[in-house]
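Inside the fold
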Amino acid sequence: MTFRGLFDWTVVVLTCQHKDSVYAFQRELEIRQQRGVLSPRALLLTVSDPQERLGSGGATLNALLVAAEHLSARAGYTVVTADVLDDAHVLILHTGRDFPWDGCSRAFCWMPIAATEQSVEGPVCCLDTLLDCLSTKVCVGSPPGVWVCSTDMILTLPTAQKISWEGFSGARVMSLPGDVSFAANHGVYLTDTEGGVRDIIYRGSEERIRSAVLPDGKVPLVSGPVFFSRLVSERLLQTHVTPPLDGCTYLGMDSGAPPLQISLYLDVLMCLCSEMTETEFVNGERTGCSSPLGPQGAAVKSARSVLWKTLRGVPLSLVYIPDGRYDYLTMSGREHVVRLTDAGTETQILSHIQEIQCVSEGSRVINTVLEGSVRVAAGAVVQHCHLQGPIEVQPGCLLSGLDLNSSPYLQHMPLTSDIILQGHRVQLGELKLTVFTVLGAYDSLEALNDEVAGSFLNQTWSQFYSRTGIKPEELWAADSALCRRLLDARLFPVFMPKAGPVGVEGVSFLLGGSGSAESWRAAWRLSLREVLSLTDQQGELHWREELFFSAGRRRAEDTLKGHTDHNLLPSIRAAVLGGQQGELLHTLDTVASGSSSDLGIAARSLACIADVLGCLAGEGQGGLRSGPAANPSWAFAFRLLEQGKLVAGVQELAKQRVLWLNRPDLLVRAARHYEGAGQILLRKAVMSANEFMFIGQSEMPPMGEWQEVECPARLDLSGGWSDTPPIAFEHGGVVVNMAVRVDGKRPIGARVRRIPKPHLVLMSTSGPPDCSVTTETVCEVLADLEDYCQPQAPGALLKSVCICSDVVCVSSSRSLEQQLLERWGGGLEVHTWSLLPHGSGLGTSSILAGAVLAGVYRCTGRSYDTISLIHTVLYLEQILTTGGGWQDQVGGLVGGIKVARSHATLPLRVHVEQLSLPQDFLSALQQRLLLIYTGKTRLARNLLQDVVRNWYSRLPAIVQNAEQLVSNAEDCARACTEGSLSGLGACIDRYWQQKKAMAPGCEPAAVRTMMNALQPLTLGQSLAGAGGGGFLFILTRHAQQEENVRQILSSTQGLRDFTVHSVELDMDGITVLQQSREHAQ
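This report concerns the structure included in the present document. (Residues numbered from 1 in each chain as written. Predicted model: local features only at pLDDT ≥ 70, side-chain atom pairs only at ≥ 80, totals over all residues. Heavy atoms only, no water.)

**Points about the packing of helix α17 (residues 537–561) against helix α19 (residues 581–593)**
Two elements in contact, α17 and α19, have axes separated by 10 Å at closest approach and are oriented at 25 degrees. Viewed along their axes, α17 and α19 adopt a mutual orientation that is roughly parallel. Two packed elements cross with a definite hand, and for α17 against α19 that hand is right-handed. Counting all contacts with α17, which are made through Arg 553, Glu 557, Leu 560 and Lys 561, the residues of α19 involved are Glu 583, Leu 584, Thr 587, Leu 588 and Val 591. Tallied by class, residues from the contact of α17 with α19 come to four nonpolar, one polar and four charged. (Axes fitted to C-alpha atoms, helices over the stretch in contact; angles between N-to-C directions. Helix = DSSP H or I, 4+ residues; strand = E, 2+ residues; numbered from the N terminus. Parallel < 35°, antiparallel > 145°, perpendicular 65-115°, else oblique. Left-handed = near helix turned anticlockwise from the far one by under 90°. Contact = heavy atoms within 4.5 Å. Nonpolar A, V, L, I, M, F, W, Y, C, P; charged D, E, K, R; others polar.)

**Considering the sheet that holds strand β19 (residues 369–371)**
As a general point, the strands of a sheet are linked pairwise by backbone hydrogen bonds and lie either parallel or antiparallel. Here we have three strands laid out as an open sheet, ordered β17-β19-β22, and parallel in their pairing. Looking at the sheet topology across the chains shown, the edges are occupied by β17 (352–353) and β22 (386–388). Pairing of β19 with β22 involves three bridges; the strand directions are parallel. Within β22, the position partnered with Leu 370 by the bridge is Leu 387. Relative to the sheet, α17 contacts β17, β19 and β22, its axis offset from that of β19 by approximately 60 degrees. (Pairing = 2+ DSSP bridges.)

**Focus on helix α34 (residues 1005–1014)**
Taken together, the buried positions of α34 are Val 1007, Met 1010, Met 1011 and Leu 1014. What you see down the axis of α34 is that its buried residues fit within an arc of 95 degrees, all on one side. Exposed and oriented more than 90 degrees from the buried face of α34 are Ala 1005 and Asn 1012. Tucked inside the fold, the buried residues of α34 contact β41 (929–933), α33 (981–998), β42 (1018–1023), β43 (1031–1036) and α35 (1042–1050). (Buried < 20%, exposed > 50% of the residue type's maximum accessible area, 1.4 Å probe, protein only. Arc of directions from axis to C-beta.)

**Considerations on a nonpolar patch on the surface**
A grouping of Val 658, Leu 659 and Leu 661 is seen on the molecular surface, where their side chains present a nonpolar patch of about 290 Å² in accessible area. Examined against the element boundaries, Leu 661 turns out to sit in the loop between α22 (646–657) and α23 (664–686). Note on Leu 661: relative accessible area 37%, which makes it partly exposed. (Patch = residues over 30% accessible without salt bridge, like charges linked within 9 Å, V, L, I, M, F, W, Y side chains within 5 Å. Areas by Shrake-Rupley, 256 points an atom, 1.4 Å probe, with all protein chains shown as cover. Salt bridge = Lys/Arg side-chain N within 4 Å of Asp/Glu carboxyl O.)

**What about the pairing of strand β3 (residues 89–94)?**
Burial analysis of β3 places six of its six residues in the buried class, which makes it a mostly covered element. Where strand β1 (residues 11–16) meets β3, five bridges bridge the pair, whose relative direction is parallel. Looking across to β3, one finds that Val 12 is bridged to Leu 91. In this structure, β3 lies alongside strand β6 (residues 145–150), joined through six bridges in parallel fashion. Residue pairing for β6: Ile 92 is matched across the bridge by Val 148.

**Observations concerning the packing of helix α20 (residues 599–617) against α23**
Look at α20 against α23: their axes get within 8 Å of each other, and the N-to-C directions meet at 170 degrees. The orientation of α20 with respect to α23, classified from their angle, is roughly antiparallel. Class assignment of the residues belonging to the contact of α20 with α23 gives a composition of 19 nonpolar, three polar and two charged.

**A closer look at the packing of aromatic side chains**
Evaluated as defined, the whole model comprises 22 aromatic pairs. Consider the rings of Trp 461 and Trp 476, whose centres lie 5.3 Å apart with planes at 70 degrees: the pair is edge-to-face. Remark: Trp 476 occurs in the loop between α13 (461–468) and β27 (492–496) and Trp 461 occurs in helix α13; sequence separation between them is 15 residues. For the pair shown, Trp 461 and Trp 476 are each scored as buried. Feature note: the residues Phe 456, Trp 461, Phe 464, Tyr 465 and Trp 476 constitute an aromatic cluster, connected by ring pairs. Across from the ring centre of Trp 520, 3.9 Å away, lies the NZ or CZ of Arg 525, which sits over that ring. The residue whose ring lies beneath Arg 751 is Trp 706, and the NZ or CZ to ring-centre distance is 4.2 Å. (Phe/Tyr/Trp six-rings, centres within 6.5 Å; stacked < 30°, edge-to-face > 60°. Lys NZ or Arg CZ within 6 Å of the ring centre and 35° of its normal.)

**Observations concerning the environment of Pro 100**
On the secondary structure map, Pro 100 appears in the loop between β3 and β4 (110–111). Residue classification places Pro 100 among the buried positions, given a relative accessible area of 1%. Residues Pro 100 and Leu 445, 345 residues apart in the sequence, show an inter-C-alpha distance of 8.9 Å. Other than its neighbours up to four places away in sequence, Pro 100 contacts Met 331, Gln 422, Leu 445, Leu 528 and Leu 532.

**Structural notes on unusual backbone geometry**
Residue Pro 726 follows Pro 725 across a cis peptide bond; omega there is 5 degrees. Its place among the elements puts Pro 726 in the loop between β32 (713–718) and α24 (727–732). In this structure, the amide linkage connecting Leu 906 to the following residue, Pro 907, adopts the cis form with an omega of 0 degrees. Turning to its location among the elements, Pro 907 is positioned in the loop between β39 (897–902) and β40 (910–914). The backbone of Arg 954 sits at a positive phi, close to 55 degrees, despite the residue not being glycine. Residue placement: Arg 954 occurs in the loop between α31 (940–953) and α32 (956–977). Accessibility expressed as a relative area gives 1% for Arg 954, which makes it buried.

What follows is the structure in structure tokens.
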């Protein structure tokens, strides 16, 4: 179920039969408002009926009065005024009578439907389906006024209704189609050709019902929604001061007015029907409402006369929705079980099932925890239970409200098919306890016990009496012989005078199991009607909430340990809104501490804790989630994690967390530090790539001989972001990219030589020749290398290379000079260069790291292969703390066009396959690829934190996009090997859309203008680099389009600082140049 949008209700009023329900139901409304189901501006009111058997009409008048009173007070009035209804959209919902299959009424009966696209996890009850139907399909576009609807049915409308409100006045009813046979026990509208309502037929004869048949062969059912215009609502409001209708309201009751029962349909709406006469309306005897001939006959007639004078002349029109479906929640247990098993498509809803293979398809498990072997057959329903197997739930059964203590008895209870076993939380004075009832799904609760239809546990009463020895007079009072119904049979043991409350074992005897008639007779017993009237609805809702959060925590644990792509954010938000964050944080701490064998799990667990803290801070409160994470208070915990002491580190994080919970800004800062802690574990997980670093020994070149290396840049054709940890090892990554020369040159290079002096000389030049910047860093002592893990520190990349390649060890007790002399006979001089602008998006830093590593390895007498270099760069970037994926070094170190893959597992291993391409495709590609420097730079690091956070949360859009990145990369590889330029272009275009979905904001306005201008010339185009980058690359439809591109861009308003560059495919990748020897100082 998708909640598509909010109708801007001014007031939502929920009426309830019992005064004890008010607090519990009010909280349920407020929870829905917090979850976003109801508008945050709506005033929510729960109103109990002032008296029993008030009737739907009386409840409506009372609810309207309460709504107007609250709105009047809000507006500053001291008396109730109808002026507050001028612009108000009021919704009145009636919960109605007790429902035998759910102690919290039909409104809060859970349905096995998933609330998709909901930001806060929560159940879908009948009330929710009704709110969604009204707010998105029925009430849209309606003028100010009052909508009234009962909650005892499920309305299904496939599409939003286009209801015309132009020129509307009066009252309007919505009707759905039904069969004549169904209408025999229901109400139908009799209409004229203009859609006006002539009469309302309730439980009429077949002949009378057939007079209402429409051309489609159906009859228009009395189906729930009723609308009163602003003027009619004012007239209804006036009745609260008019006797005897004032007896329907709490004000009348408080003023001593005698109570009165009024029907919404058969009294209020009936007087609007065009065929109704005053005499017939006032004096008529109608099934389903108060009789004018009964004890209250005079009051009933008087009330009807007032209604006639107040409302007569108001037009009543009908809107018939032929493709809708109306499902009234009857008292039939069998119908309810079928309703639950037919609804939705998922077997389990908001539940945790330890052995999922035991639950059959076609069954439903709702808000339940099942431990061990609990076998649920097709057609069975288990809801609001916590059970421990072994237990067998047979077809057609409904188990509801059973706690863990019930399990030992259930394991030995003779539960046959079509049995309904329920636990009810009730309150008897000061005593709160759980009462268990058992019934047959086919039992008729209201049938007389001597009728053919009368049964108990799907058996005739005579069979039950014979089997148990129980006598009718033990179930019903002696004077009730003519009205003995199952609903009133005192069957269910509650309390033993000497032993206390009776558990589920009390109904075992009724089923033919353990127990005796003597113990049954000795117990205090209640009928189902009494149980329902005594239900502690607040306690019942609390039990369901406890189960909901417990199952949610268990699912979160399974999600993390099972590496599943389940979005935990809705569950986290629900826990925070429900005040359950402490229990959830404990669960996440436990999962993180126990995941030393898989640091990916631990890292995601810490990211989830950060999400909890962010939710506690509040939406948009406390500052941005991304920010620094180096507060000294957290340093000890971070140090423990760096040392591999996971359990102690997680405990220290939790200890520190307690001190940061009392303000939104502190919560956000704590969340940043938890993300920082997660990054430590993520880096350690990625460092498992060192298993695939194979560095050998070779002859060390002479002192002073330069080892010079050049590399092409990288163009990513598809799949970028899927190579980024943790996506690369949790989902698996696939990237297609190519090695390229820019303006005929390999733009990235390094040269390294040994020098006699035992120090490190690190020089780097970056940028095009006309505006390059050169920095020099000299390391004389080990302390000069300690900032190697701070990416912005001078020479940090080159320092990390020296550490990663074991040139020096910063933690050694030996000095830098000693280490260099002992191992290498002197120091090292390293020169690097990049001809590309900073933030180019062409993979510069990773490729440069590979080039420097190659130079250092050769200079120090070690051998390597390209695959080892790729994994060493991945390892190095974790040391450097920049993170990032593996595709950049693959692109620049391996020549040609290739597809690289990593599987969804640790250790992280990259497999590279160079693609064999048709020669004519290569030639055509060379003539159609162009690079355009946009003048705009964007660093991938600015985006990386948000992408990783969203991935850890498993936002559905991110998970789907990751899958599409991988599949598009495979399509791209196929297009290349098949020599399809158009196929390649389509993949590049899709890839650009996927990049934007993964990292919103990576498309500057000027770049959008540029791409729009070039679109007619191109088969595909994308900004380079996972983070947007500074270069745009295009695949043109025709060859040699460089000049055309310049002309188009030059003539496009708002574009400046761009440059167009040629690009050539480099088939060699990393290349060692001819060694040269200079005098080394």
